[in-house]
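Coordinate analysis (summary)
Each chain, written out:
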Amino acid sequence: MERNLLDNIEEILLMGPGPSCVPPEVYRALARPTLGHLDAYFLTIMDELKILMRRIMNTENDLAVPVSGTGSAGMEACFVNLLEPGDRVLVLINGVFGARMREVASRLGAEVEVMDFPWGTPVIPSLVGEKLQDGDYRLLAVVHGETSTGVANPVAEIGALPRQDDCLYLVDAVTSLGGMEVKMDAWGIDALYSGTQKCLSCPPGLAPLSFSPRATARLNSRRGKVPNWYLDLSMIVDYWGKKRVYHHTAPVNMLYGLYQALEIIFAEGIEEVFARHRRCHALLVRGLEELGLRMVVDEPFRLPMLNTVYCPTGVDEAAVRRRLRTEHRIEIGGGLGPLAGKIWRIGLMGHGAVEENVGRFLSALRATL
Ligand SMILES: *Cc1c(COP(=O)(O)O)cnc(C)c1O
């Protein structure tokens, strides 16, 4: 071949809503020799990976697997395994990813009810508590870090609300996991999924997922088969568990990458990782405000890893992003849905959440504006 397109990939500072920057150790892990998916040595890596996943999710759950697919595959896997046609579901929506949950659940023939909260504001637990009184819901679903708006939803408070015994609690931790505390067991979460390309600092491709014993019991007592063969966890656990039955070929090298990424996080220390995200977030907010920009989300509800700021009137939002990319090799995100054209989304995720990157971004933005 005369020319290989891969030779011309530039090093871009990824400061958008994901994917985020990947550390060199993770790239090296991805390049290790591919083993057979039933190779004894690979199985020991899988076992260790499950332990690392439980640790970052703060859970003792037996069922903890990385779903082969991006964060949305994790979302789909949760709904498709836990719901049956006619089940009543309550989805809390204050952004794109809550809306995606409704879409996924409704395609499964569930009876989906939603509570909408204004984009850029958090879900209000007391209102959810009232709603839970009048419905025999089988599932309650919410997004922890709403990446489309930069809001942190109060998932611990929502999990503590009184609800019927058989109402499972499902949380999207795609953006939050690895960048802020996620306590699956202590917060009463029954099903949780994440993605590798946000605060875990891997390339996109895996969705760490865990089910509580209650959620696993729901899966095992289904009336009908899980309607999606590929994401059927009742079969996937037989590969990740003692039986080692082939279901689909595990994405072996991606699993090396996730293993390495989690090793890096625990070597630094999880508390230090969270503190680093908070420090960089504070530095970024200060810098943006010094430039005269206004944050979208009120202070107590801001995500450290995803910062949303209004684009000043008269400034072409997309043109600024284009110039940051071409002149400064920095990627940030624009708004989605009702916020399209109005805001920027600035990610400080995982490996990329360092003071140096905040400084580099702020001077690039200053020069561009
Ligand atoms: C990115 C994201 C998803 C979707 O993940 P993909 O990897 O794009 O499929 C779901 N939920 C949240 C909160 C996200 O930030």
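Residues numbered from 1 in each chain as written. Predicted model: local features only at pLDDT ≥ 70, side-chain atom pairs only at ≥ 80, totals over all residues. Heavy atoms only, no water.

1. Points about the domain arrangement of the chain
Cut-off, in case you're wondering: Domains are outlined according to an automatic or database domain assignment. Every residue pair with non-hydrogen atoms within 4.5 Å of one another is taken to be in contact. The term buried area means the drop in 1.4 Å probe accessible area that two parts suffer when joined, counted for both and summed. Every case where a carboxyl oxygen of Asp or Glu lies within 4 Å of a side-chain nitrogen of Lys or Arg is listed as a salt bridge. Contacts described as polar in this section are N or O atom pairs within 3.5 Å, which, within protein, must combine one atom able to donate a hydrogen with one able to accept it, while residues neighboring in sequence count only if both atoms come from side chains. Where helices and strands are cited, they refer to DSSP runs of H or I of at least four residues and of E of at least two residues respectively, numbered from the N terminus. Residue type decides the class: Asp, Glu, Lys and Arg count as charged, Ala, Val, Leu, Ile, Met, Phe, Trp, Tyr, Cys and Pro as nonpolar, and the leftover types, Gly among them, as polar.
Taken domain by domain, the chain holds domain 1 (9-19 + 269-368) and domain 2 (24-266). Computed from C-alpha atoms alone, the centre-to-centre distance between domain 1 and domain 2 is 26 Å. With 27 residues of domain 1 at the contact, the number on the domain 2 side is 27 residues. In total, about 2100 Å² of surface goes out of reach between domain 1 and domain 2, with carbon and sulfur atoms giving 71% of it. Among the residues of domain 1 in contact with domain 2, F274, F301 and L303 are the three that bury the most area, contributing 24% of the side total. On inspection of domain 1 and its partner domain 2, the count reaches 0 salt bridges. At the junction of domain 1 and domain 2, the tally comes to 7 residue pairs in polar contact (both at pLDDT 80 or more). No other element matches the 5 residues that helix α10 (residues 270-290) contributes to the side of domain 1 that touches domain 2. Tallied by class, the residues present in the side of domain 1 that touches domain 2 amount to 17 nonpolar, 7 polar and 3 charged.

2. Considerations on a nonpolar patch on the surface
Which entries qualify depends on this criterion: Like charges within 9 Å and nonpolar side chains (Val, Leu, Ile, Met, Phe, Trp, Tyr) within 5 Å are joined into patches, using only residues over 30% in relative accessible area that form no salt bridge. Computed by Shrake-Rupley with a 1.4 Å probe, the accessible areas treat only the displayed protein chains as cover when residues are assessed. For the exposure calls, accessible area comes from a 1.4 Å probe over protein chains only, and a residue counts as buried if that area is under 20% of its type's maximum, exposed if over 50%, partly exposed in between.
A surface patch of nonpolar side chains, about 300 Å² in accessible area, is lined by W229, Y230 and M235. The topology assignment puts W229 in the loop between α7 (213-220) and α8 (233-240). Taking relative accessible area as the criterion, W229 reaches 49% and is therefore assigned partly exposed.

3. With respect to the layout of surface pockets
Gaps left between atoms are located by rolling a probe of water-molecule size over the structure's atoms. So the rule is basically this: Points on a 1 Å grid over protein atoms alone make up a cavity when a 1.4 Å probe fits among them but cannot get out, and a pocket when they form an open set with protein on both sides within 12 Å along at least five of seven lines; lining residues each have an atom within 4 Å of a point. Grid points are joined across faces, edges and corners, and a volume is the space filled by probe spheres set on the points.
Approximately 430 Å³ is the volume found for the largest pocket. Taken together, 23 residues line the largest pocket, and the ones lying closest to its centre are A152, M180, P300, R302 and P304. Those elements that place two or more of their residues in the lining of the largest pocket are α6 (155-160) and α10. For the lining of the largest pocket, the element with the highest residue contribution is α10, accounting for 7 residues. Class assignment for the residues of the lining of the largest pocket results in 12 nonpolar, 4 polar and 7 charged. A domain-level breakdown of the lining of the largest pocket finds at least three residues from each of domain 1 (9-19 + 269-368) and domain 2 (24-266).

4. Some words on empty space enclosed by the protein
For the coordinates displayed, the defined rule picks out 1 cavity of 30 Å³ or more. Lining the largest cavity, in full, are P66, S68, L206, Y239, W240, H248, A250, P251 and L255. Put simply, the parts of the chain that give the lining of the largest cavity at least two residues each are β2 (63-68) and α8. A class-by-class count of the residues in the lining of the largest cavity yields 7 nonpolar, 2 polar and no charged.

5. Examining the nonpolar core
Heads up, the condition is: We call a set of buried Ala, Val, Leu, Ile, Met, Phe, Trp, Tyr and Cys residues a nonpolar core when their side-chain atoms join them within 4.5 Å.
By size, the foremost hydrophobic cluster in this structure holds 91 residues, and its most contacted members are F79, L92, V128, L140, L209 and F211. In contact with F79, not counting residues within four places along its chain, are V89, M101, V104, A105, L108, L139, A141 and L170. Core analysis: the next-biggest nonpolar cluster, separate from the first, contains 24 residues, M15, L288, L324 and I332 among them.

6. Focus on helix α5 (residues 125-133)
As a reminder of what qualifies: The arc in question is traced by the directions running from the helix axis to the C-beta atoms.
For α5, every residue scored as buried is listed here: P125, V128, G129 and L132. Seen from one end, α5 has its buried residues packed into an arc of 105°, which puts them on one side. In α5, the exposed positions that point more than 90 degrees away from the buried face belong to E130 and Q133. On its buried face, α5 sits against β3 (88-93), β4 (111-116), β5 (139-143) and α6.

7. Focus: the environment of G335
Structurally, G335 can be placed in the loop between β13 (333-334) and β14 (343-347). Take G335: its relative accessible area is 14%, and that puts it in the buried class. Between the C-alpha atoms of G335 and T308, which are 27 residues apart in sequence, the distance is 8.5 Å. If we skip the residues at most four places from it in the chain, G335 touches A340, I343 and R345.

8. Here we look at the pattern of salt bridges
In the structure shown here, the tally under the stated rule is 19 salt bridges. Residue E181 pairs with K183 through a salt bridge whose shortest N-O separation is 4.0 Å. By relative accessible area, K183 is classed as partly exposed at 30%. A salt bridge links R279 to E355, with the nearest nitrogen and oxygen atoms 3.2 Å apart. One end of the pair, R279, is in helix α10; the other, E355, is in helix α12 (residues 355-368), and 76 residues separate them in sequence. Given the relative accessible area of 38%, E355 is considered partly exposed. Where salt bridges share partners, they join R88, E113, K131 and D136 into one cluster.

9. Here we look at the sheet that holds strand β11 (residues 306-310)
Using the following cut-off: Here, strands pair whenever DSSP counts at least two bridges between them. Only C-alpha atoms enter the line fits that serve as axes; for helices the fit covers just the stretch in contact. Angles between N-to-C directions range over 0 to 180 degrees.
Overall, antiparallel pairing links the 3 strands, which are arranged β11-β14-β13 in an open sheet. Each edge of the open sheet carries a strand with a single partner, namely β11 and β13. Sheet analysis places β11 next to β14, joined by 5 bridges and oriented antiparallel. Within β14, the residue paired with L306 across the bridge is G347. On top of the sheet, helix α11 (residues 317-328) reaches β13 and β14; it is set at about 30° to β14, its chief contact.

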